[in-house]
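# Chain and residue survey
Chain by chain, the residues run as shown.
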Amino acid sequence: MFLQNKWWVIAESKAIGKQPVALKRLGEDLVLWRDNNGKIVCQSQYCAHRGASLALGKVVGGCIECPYHGFRFAASGNCTLIPCEGEDARISNKMRLVNYVVREIHDLIWLWWGEEKSNYPQIPWFEELEDNPRRWASGTMSWDIPFTRAVEGLLIDLHHVAFAHHRVAWLSGFSSATLLKPFEIEVKDEIIHSWGELKSQPSDKKKSIFKFEHWLNFPNLALFDFGFAGIKLFVMATPIDKDNTRAYFRYYTPFGSPWISRLISRLFVWVELNFVQPDDYKILSSSKPQESGLRVNNFVHADKAIVMWHKMYESEMS
């Protein structure tokens, strides 16, 4: 149902503290917690005993403790204590949790979805992005829209800006930028690189031009450079299940003072979450069919980056 052998972002680092946290990603009910060393542990959410949610429990002695009967499970997934049977009880191998391979890097938690490996691939990233939280701000949201439809609006599409986001486009001076020309793409390994100009129609008296460059690290990481003061937008999308998608946004600003960078980044995130994405959600949630693909749309030249993404996606899913 979901692409195999990929790293998927499932949460922000700051979302996981001392208490276990429940979340659903890639159709799986998960519990995330930190061991005694602060290392992230990701396991199946429900107790192997009688199915209680371990997210309601607590971390004790480097193990997660079930809130129902106090069974404890180590980071390995093995049950280490059954209180009602005594400390010397023999514990069945069946009494264990499913463990998931996770990594914590770039202030994000990544889950490996696929075959177990002796050496896992490198975490995908855009090397030009600084790992300095004082120069970026972030936000998240969940959509009840399938991944294949959500990803078009979240990660790729640009020629909808003047129409879908007319308020923001008007304030930014790009309300007449409806012509996408030139527009080029190239594909190298799993990176879809596109660049071009959104500008006014030749007959339009209002003249505006919006130059951009865009990279999509297949399947779900995107970097937008809008050619304005070095500000960049990093976006990720991860399936929650077959009908829902989780989106993550991070704005980077390169100004000299970190507190100014942080403040401006927060402003951009606020606009993104309160004005830009609600527009996209309203339109995408109205689209039929909800699952998108090469055979359910009539694409045009300006959609060629989206077409390339669908080709890569459908090739790997087949």
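Summary of the structure given here. Please read all numbers here as calculations on a predicted model, not as lab measurements.

Another aspect to go through is the pairing of strand 16 (residues 221-225). Among the five residues of strand 16, five are classified as buried, and the element is accordingly described as predominantly covered. Burial along strand 16 is two-sided: the residues Leu221, Leu223 and Asp225 and Ala222 and Phe224 are all buried. Alignment of strand 15 (residues 209-217) against strand 16, held across five bridges, turns out to be antiparallel. Its bridge partner being in strand 16, Asn217 is matched across the sheet by Leu221. Where strand 15 hands over to strand 16, the hairpin turn is made up of three residues, counted between the paired strands. In this structure, strand 16 lies alongside strand 17 (residues 232-241), joined through five bridges in antiparallel fashion. By the bridge assignment for strand 17, Asp225 is matched with Lys232. Hairpin connection of strand 16 to strand 17: six residues between the antiparallel strands, including Gly227 at a positive phi of 70°.

Pairing is antiparallel across the open sheet formed by three strands, whose spatial order is 1-11-10. Of all the strands in the sheet, just strand 1 (6-12) and strand 10 (102-105) have a single pairing partner and so form its edges. Sheet twist, expressed as the mean angle between neighbouring strand axes with direction ignored, is 30°. In this sheet, strand 11 (residues 108-113) lies alongside strand 10 in antiparallel orientation, the contact comprising four bridges. By the bridge assignment for strand 11, Ile105 is matched with Leu108.

Our focus in this paragraph is a negative patch on the surface. A cluster of acidic side chains, namely Asp107, Glu127, Glu128, Glu130 and Asp131, defines a negative patch on the protein surface. Secondary-structure assignment places Glu128 in the loop between strand 11 and strand 12 (136-143). Classification of Glu128 as partly exposed rests on a relative accessible area of 45%.

Scanning the model with the defined rule gives 19 aromatic pairs in all. Measuring from ring centre to ring centre gives 6.0 Å for Phe126 and Phe234, while their planes differ by 80°; the resulting arrangement is edge-to-face. Of this pair, Phe126 sits in the loop between strand 11 and strand 12 while Phe234 sits in strand 17; the two residues are 108 residues apart in sequence, bridging distant segments of the chain. Taken individually, Phe126 and Phe234 each receive the classification buried, so the pair is uniform in this respect. Ring-pair connections join several aromatic residues into one group, and the members of that group are Trp8, Phe147, Phe218, Trp309 and Tyr313. The aromatic ring of Trp136 is capped on one face by Arg250, whose charged end is 3.6 Å from the ring centroid.

With antiparallel pairing, the four strands of this open sheet are ordered in space as 5-6-7-8. Every other strand in the sheet has two partners, leaving strand 5 (58-60) and strand 8 (79-81) as the edge strands with one partner each. Sheet topology note: the strand 7 (residues 72-73)/strand 8 ladder contains two bridges and is antiparallel. By the bridge assignment for strand 8, Phe73 is matched with Cys79.

What counts, and at which threshold
- Residues numbered from 1 in each chain as written.
- Predicted model: local features only at pLDDT ≥ 70, side-chain atom pairs only at ≥ 80, totals over all residues.
- Heavy atoms only, no water.
- Buried < 20%, exposed > 50% of the residue type's maximum accessible area, 1.4 Å probe, protein only.
- Helix = DSSP H or I, 4+ residues; strand = E, 2+ residues; numbered from the N terminus.
- Pairing = 2+ DSSP bridges.
- Axes fitted to C-alpha atoms, helices over the stretch in contact; angles between N-to-C directions.
- Patch = residues over 30% accessible without salt bridge, like charges linked within 9 Å, V, L, I, M, F, W, Y side chains within 5 Å.
- Areas by Shrake-Rupley, 256 points an atom, 1.4 Å probe, with all protein chains shown as cover.
- Salt bridge = Lys/Arg side-chain N within 4 Å of Asp/Glu carboxyl O.
- Lys, Arg positive; Asp, Glu negative; His and termini not counted.
- Charge placed at Lys NZ, Arg CZ, Asp CG, Glu CD.
- Phe/Tyr/Trp six-rings, centres within 6.5 Å; stacked < 30°, edge-to-face > 60°.
- Lys NZ or Arg CZ within 6 Å of the ring centre and 35° of its normal.

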